[in-house]
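The primary structure of each chain is shown beneath.
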Amino acid sequence: MSTSGPGSSEAKFYAREGDKVRCSLCPHSCLIADRKRGLCGVRENRNGKLHSLIYGLASSIHPDPIEKKPLFHFLPGTTSLSFGSIGCNLFCRHCQNFSISRARPGDFGLTKVTPEDVVRMAKEAGSKSVSWTYNEPTIWHEFTTTASKAVHAAGMKTNYVTNGYIQEEPLRDLKGVIDAMNIDVKSFTESFYKGVCGGKLAPVLRACELAVELGIHVELTYLIIPGHNDSDEEVNSFCRWAADSVGARVPLHFSAFHPDYKMTDVPRTPNKTLMKAYEAARKAGIDFVYVGNVHVGDEDNTFCPKCGTLVIDRDGFWVKSTSLKGDRCGKCGSDLNLVV
Ligand code: SF4
């Protein structure tokens, strides 16, 4: 890299094509002319070199319960200092963070942070981990990876809350750097990804599978939007794919939709739809299934899949009590796919 100060860093994962550059960070593979930017709006061709425009620039910094990501099997009951920047490589009509995902460099002031600042602030917040979240961390790759290595050196862990829209080589670059991911699978049809998100489903599914193969702790979130991705056929197909391709041990979170951004004409997700999805996932053999953004009952608690013991009792994002022996069930000793 030629520079690595806040706001300017030569990007990784690109190649020159004449006087243009081809970015290979995400599946859009943007071909970018001189002085132009890729679709995410934060990577720019400057004289044949691709630059990240958001290196060390944060839009939001906040201590969150790790359960808010949601990550229910990764350091449960702990605080994760959470950082976001601006931009996104998908264009979801229902985005709940559009004020930062659609922002561009110069739209408003951003906080300059160094990897050392990230470590210091995380320690001051009493965090066990640092989360890269709020906007899409994939497009912040150069800073999140550099800072994550500093976070590891200081004895803390790291995680991504991501749309999974990343190519294979940069995802492999996260091995040993990012410990956990919550990956959004936004639907199980290409037509939804094309029409609602401006992307493709297949690369997201491949990223989920590869992240698991790389040994990253993965949890999946599926936001159920009435009339758009909530058919029995689609939800059942998603659950079968999850059981077959990423494995029954990977926790699934079904979240309730709230009208937002360009999708204010769609109603909230009924509880009965969420419970139907919960049952479909259990029927598909998924061991750990959760329902989020609403309180419907026991569906935010963790039960041992072998003996049925309530091992983590939650109230929303808060852990009330646990019955664990290390990372295992406190009663029967079963593996719970838990990082503690
Ligand atoms: S990361 Fe940005 S510039 Fe690179 S391919 Fe994706 S949208 Fe295009």
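Above this note sits the structure.
Residues numbered from 1 in each chain as written. Predicted model: local features only at pLDDT ≥ 70, side-chain atom pairs only at ≥ 80, totals over all residues. Heavy atoms only, no water.

Participant: Please explain the sheet that holds strand E1 (residues 9-10) as it appears in this structure.
Facilitator: Hydrogen bonds between backbone groups are what pair the strands of a sheet, and the pairing can be parallel or antiparallel. Here we have three strands laid out as an open sheet, ordered E1-E6-E5, and antiparallel in their pairing. With one partner strand each, in any of the chains shown, E1 and strand E5 (43-46) form the two edges of the open sheet. Two elements, E5 and strand E6 (residues 49-52), share four bridges in a ladder whose sense is antiparallel. Note that in E6 the partner of Asn45 across the bridge is Leu50. (Pairing = 2+ DSSP bridges. Helix = DSSP H or I, 4+ residues; strand = E, 2+ residues; numbered from the N terminus.)

Participant: Looking at this model, I keep getting lost on the packing of aromatic side chains. Mind explaining?
Facilitator: Aromatic rings considered in pairs are described by the distance between their centres and by the relative angle of their planes. Enumeration according to the criterion identifies 14 aromatic pairs in this entry. Ring plane angle 35° and centroid distance 5.4 Å describe the contact between Trp140 and Phe143, whose orientation is recorded as tilted. By relative accessible area, which is 1% here, Trp140 ends up buried. Ring centres of Phe188 and Trp241 lie 6.0 Å apart, and the angle between their planes is 45°; on these two criteria the pair is classed as tilted. With Phe188 in the loop between strand E13 (180-184) and helix H5 (190-197) and Trp241 in helix H7 (residues 232-246), this residue pair connects regions lying 53 residues apart in the sequence. As far as burial versus exposure is concerned, Phe188 and Trp241 are alike and both buried. (Phe/Tyr/Trp six-rings, centres within 6.5 Å; stacked < 30°, edge-to-face > 60°. Buried < 20%, exposed > 50% of the residue type's maximum accessible area, 1.4 Å probe, protein only.)

Participant: I would appreciate a short explanation of the site of the ligand in the present structure.
Facilitator: Residues in contact with the ligand, as listed here, are Cys23, Leu25, Cys26, His28, Ser29, Cys30, Ile32, Gly38, Leu39, Cys40, Arg43 and Ile139. In a pocket analysis with a 2 Å cut-off to the grid points, the ligand is assigned to the largest cavity. By residue class, the composition of the shell around the ligand is eight nonpolar, three polar and one charged. (Near = heavy atom within 4 Å. 1 Å grid on protein atoms, 1.4 Å probe; cavity = no way out; pocket = protein on both sides within 12 Å on 5 of 7 lines; lining within 4 Å. Sits in = over half its atoms within 2 Å of the grid points. Nonpolar A, V, L, I, M, F, W, Y, C, P; charged D, E, K, R; others polar.)

Participant: Please explain the side chain of Glu299 as it appears in this structure.
Facilitator: Checked against the element boundaries, Glu299 lands in the loop between strand E16 (289-292) and strand E17 (302-303). Glu299 has contacts with Met275, Tyr278, Val289, Tyr290 and Val291, leaving out every residue within four places of it along the chain. (Contact = heavy atoms within 4.5 Å.)

Participant: Looking at this structure, I do not really get the pattern of salt bridges. What am I missing?
Facilitator: Once the charged atoms of two side chains with opposite charge are near each other, the side chains can pair. Using the criterion set out here, one finds 17 salt bridges in the structure. For the salt bridge of Glu44 with Arg37, the shortest nitrogen-to-oxygen distance reads 2.8 Å. A relative accessible area of 38% places Arg37 in the partly exposed class. Where Lys68 meets Asp64, a salt bridge forms, and the shortest distance between an N and an O atom there is 3.9 Å. A relative accessible area of 42% means that Lys68 is categorised as partly exposed. With relative accessibility at 3%, the residue Asp64 sits in the buried group. Because the salt bridges share partners, they merge into one network encompassing Arg37, Glu44 and Arg46. (Salt bridge = Lys/Arg side-chain N within 4 Å of Asp/Glu carboxyl O.)

Participant: Whenever I open this one, empty space enclosed by the protein confuses me. Can you help?
Facilitator: It is the rolling of a water-molecule-sized probe over the atoms that shows where space remains empty. Applying the stated rule across the entire model yields two cavities of 30 Å³ or more. Of the volumes computed, that of the largest cavity is approximately 100 Å³. Every residue lining the largest cavity is counted, 13 residues in all, and those nearest its centre are Cys23, Cys26, Cys30, Cys40 and Arg43. Tallied by class, residues from the lining of the largest cavity come to eight nonpolar, four polar and one charged. Around the second largest cavity sit Thr138, Tyr160, Thr162, Gly164, Ile166, Leu171, Leu174, Met181, Ile183, Ala207 and Ala211, which together line it. Split by residue class, the lining of the second largest cavity holds eight nonpolar, three polar and no charged. (Points joined across faces, edges and corners; volume = space filled by probe spheres on them.)

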